[in-house]
Amino acid sequence: MSEVDAHLGCHLQCLATYLVPVIVLFVVLKFTGVFRSLRLKAQSFAMQKLAPASDALPAVKNAKKALFKTLHDFKTPPVILEVGAGECRNVEYYPDNSSYIVVEPNKNFDQPLRKRVAEAGAHLKLEAVYTDYAEKLEHVESESIDAYVMTHVMCCFKDIEVVLKEARRVLKPGGRLYIFHHFVGPNASIRTPRFFLEHYIIMPILTGIMECNPDMYIEAAIRRHFPKTDLQIVELPFNMISLRYHLISDSLKERISE
Ligand SMILES: C[S@@+](CC[C@H](N)C(=O)[O-])C[C@H]1O[C@@H](n2cnc3c(N)ncnc32)[C@H](O)[C@@H]1O
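Residues numbered from 1 in each chain as written. Predicted model: local features only at pLDDT ≥ 70, side-chain atom pairs only at ≥ 80, totals over all residues.

Here we take up the domain arrangement of the protein. For the protein, the assigned domains read domain 1 (3-32) and domain 2 (40-252). Averaged C-alpha coordinates put domain 1 and domain 2 at centres separated by 45 Å. (Domains from an automatic or database assignment.)

What follows is the structure, given as structure tokens:
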């Protein structure tokens, strides 16, 4: 055997010794759901650490007050469905005595969200917490909801058309859909090093953990399903370009006569 052949044999043996077990371990972790479970834990941990500071910013508070303005115009306390509610950080904006239904697919939020509703949302009646997905709200009857809320959730969806169709199904005529959505703003440019860093390094990590795709601009889709939509774009004081621009949207599901 030549020296080259001996080297090659040694490399192949090393590969077989180290690479094969790593691949087998990866496949086992993937198919037993260990990666998914770790990702969901990381998502809930990150949200609980990051969201309180961003929600406390006066500009964010003002934007959310503007978003939920018409929520206070319902004649009787509304039935509110919040989808992808995370830790239920919007409860402080909801009217007294509202009935509150939560849909959150990540079970790691279950304890923190119940704690938060008990504390900051004591003025609400927590009716139910479902581990469903926005694409198919199995437990929510058609035309049973006055106000459907999604904040920082639209960026998680692969098919927003399905989600908006399902939102229309569960809303009562006269009900409203409230969306708070961050996206890569109109001035973001691939030429700035900062945008490059965020777009190709930070965002893929966030996408992996949070399933967040900030490249979506969703106005046309909202208007297709909800022609009666009031929508504005605001710039918030976030350092990250992909968090800075927000779409604030309040849509009405028309009554038959409208
Ligand atoms: C970035 S967090 C936002 C949490 C909360 N809405 C807020 O504003 O703080 C995104 C949330 O959407 C949830 N989510 C992801 N995919 C979803 C889906 N298909 N249906 C419903 N919720 C989903 C996640 O579990 C997570 O709680």
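Another point: the site of the ligand. In the vicinity of the ligand there are 21 residues, among which G84, G86, N106, A134 and T151 approach most closely. Broken down by class, the residue content of the shell around the ligand amounts to 12 nonpolar, five polar and four charged. (Near = placed C-beta within 6 Å. Nonpolar A, V, L, I, M, F, W, Y, C, P; charged D, E, K, R; others polar.)

Every buried residue belonging to helix α5 (residues 160-170) is among I160, V163, L164, E166, A167 and V170, and all of these are buried. The buried residues of α5 occupy an angular sector of 160 degrees when the element is viewed end-on, so they sit on one face. Buried residues in α5 make contact with β1 (79-83), β4 (145-151), β5 (171-183) and α7 (219-225). (Buried ≥ 20, exposed ≤ 12 C-beta atoms within 10 Å, placed from the backbone. Helix = DSSP H or I, 4+ residues; strand = E, 2+ residues; numbered from the N terminus. Arc of directions from axis to C-beta. Contact = placed C-beta atoms within 7 Å.)

Working note: regular strand, side chains alternate between the two faces of the sheet. The pairing of strand β2 (residues 99-103) with strand β3 (residues 125-130) spans five bridges and is parallel. Across the sheet, the residue bridging to I101 is A128, located in β3. A crossover connection joins β2 to the parallel β3 through helix α4 (residues 110-119); in handedness this β-α-β unit is right-handed. (Pairing = 2+ DSSP bridges. Right-handed = clockwise from strand over helix to strand, strands pointing away.)

Our focus in this paragraph is the environment of E198. Relative to the helices and strands, E198 resides in helix α6 (residues 193-210). Its 21 C-beta neighbours within 10 Å are what place E198 among the buried residues. In sequence terms E198 and I241 are 43 residues apart; their C-alpha atoms lie 7.6 Å from each other.

To continue, consider unusual backbone geometry. One non-glycine residue, N97, lies in positive phi territory at about 65 degrees. One can find N97 in the loop between β1 and β2. Even without being glycine, H152 reaches a positive phi, approximately 55 degrees. One can find H152 in the loop between β4 and α5. Residue H152 is classed as buried on the basis of its 20 C-beta neighbours within 10 Å.

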